[in-house]
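What the coordinates show
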Amino acid sequence: MGIVKVLDHPLIQHKLTFIRDKNTGSKEFRELVEEVALLLTYEITRDLPLEDVEIETPVCKATTKALSGKKIGVIPILRAGLGMVGGILKLIPAAKVGHIGVYRDPETLQPVEYYCKTPTDIAERDLIVVDPMLATGGSANASIKFLKERGAQNIKLMCLIAAPEGIEAVQKAHPDVDIYVAAVDEKLNEHGYIVPGLGDAGDRLFGTK
Ligand code: URA
């Protein structure tokens, strides 16, 4: 079973309060989502391998550590996942970015992929799939499934807020996927919104409500 890591660092919780507040406008909302994504990235990359490198400081020669070239891919789930990419790339600028979009067929209720463009070497990359809201888990599960069908081997899921129902659904469908979140909220309401949540993440990011 994958782990669920709730990053309740004071800075993250503080920023999340303003993200949740309905009076926070799109500009500030976007900035805060990026900042929290950056802080989550700090933790999600904790196990990246290091190697020794020889350098010269102004004082002497030294053997120090550098990332050992692990390849990372960031996969935002369209569209709200886009809001987290900037923050992640600030910490890991060499990561490649793929995009995936899914919708639920209104008749079959099955998830359908409408867009997917990923790095070609997806099988060799550690993938971070990002979506601010893990609600029912439907989009995350479908996106992870489509990525695995393309060869993805190593996937982590990063979200701002999760409902317990979403976490359970992902753990059930993809027990190999670790989940990193800033908060686990109370529940989903009858409209599929996370309670208390933050409303519609995509609308708040892009000002479309
Ligand atoms: N997607 C959102 O943007 N918000 C929710 O509360 C649930 C799903």
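In short, a report on the structure. All values reported here derive from a predicted model rather than from experimental measurement.

Reading the values: rules and limits
Residues numbered from 1 in each chain as written. Predicted model: local features only at pLDDT ≥ 70, side-chain atom pairs only at ≥ 80, totals over all residues. Heavy atoms only, no water. Helix = DSSP H or I, 4+ residues; strand = E, 2+ residues; numbered from the N terminus. Rg over C-alpha atoms; globule rule 2.2 N^0.38 Å. Buried < 20%, exposed > 50% of the residue type's maximum accessible area, 1.4 Å probe, protein only. Contact = heavy atoms within 4.5 Å. Areas by Shrake-Rupley, 256 points an atom, 1.4 Å probe, with all protein chains shown as cover. Lys, Arg positive; Asp, Glu negative; His and termini not counted. Charge placed at Lys NZ, Arg CZ, Asp CG, Glu CD. Axes fitted to C-alpha atoms, helices over the stretch in contact; angles between N-to-C directions. Parallel < 35°, antiparallel > 145°, perpendicular 65-115°, else oblique. Left-handed = near helix turned anticlockwise from the far one by under 90°. Nonpolar A, V, L, I, M, F, W, Y, C, P; charged D, E, K, R; others polar. Phe/Tyr/Trp six-rings, centres within 6.5 Å; stacked < 30°, edge-to-face > 60°.

Quick word on the overall build of the protein
- Per the secondary structure count, the protein includes six helices and 13 strands.
- Against the 2.2 N^0.38 benchmark of 17 Å for 209 residues, the protein shows a C-alpha radius of gyration of 18 Å, consistent with a compact globule.
- In the protein, which comprises 209 residues, the share counted as buried stands at 44%.
- Contacts spanning at least 24 positions in sequence make up 63% of the contacts within the protein whose residues lie at least 6 apart.
- Entry remark: accessible area of the protein is about 11100 Å², with carbon and sulfur atoms responsible for 53%.
- When the 25 positive and 29 negative side-chain charges of the protein are each reduced to one mean point, those points stand 2 Å apart.

What about the packing of helix α2 (residues 26-44) against helix α3 (residues 82-91)?
- Put simply, α2 and α3 touch, their axes get as near as 7 Å, and they point 45° apart. Here α2 is positioned oblique relative to α3, judged by the angle of their axes. As α2 runs across α3, the sense of the crossing is right-handed. Of α3, the residues touching α2 (which contributes Val33, Glu34, Ala37, Leu38, Leu40, Thr41 and Tyr42) are Gly83, Met84, Gly86, Gly87, Ile88, Lys90 and Leu91.
- Of the residues in the contact of α2 with α3, the class split is eight nonpolar, four polar and two charged.

Re the packing of aromatic side chains
- Scanning the entire structure with this criterion turns up one aromatic pair.
- For the pair Tyr103 and Tyr114, a centre-to-centre distance of 6.2 Å together with 35° between the ring planes defines the contact as tilted. Pair noted here: Tyr103 is in strand β6 (residues 99-104) and Tyr114 is in strand β7 (residues 111-117), with a separation of 11 residues, a long-range link.
- The class for Tyr103 is partly exposed, based on a relative accessible area of 41%.
- By relative accessible area, which is 46% here, Tyr114 ends up partly exposed.

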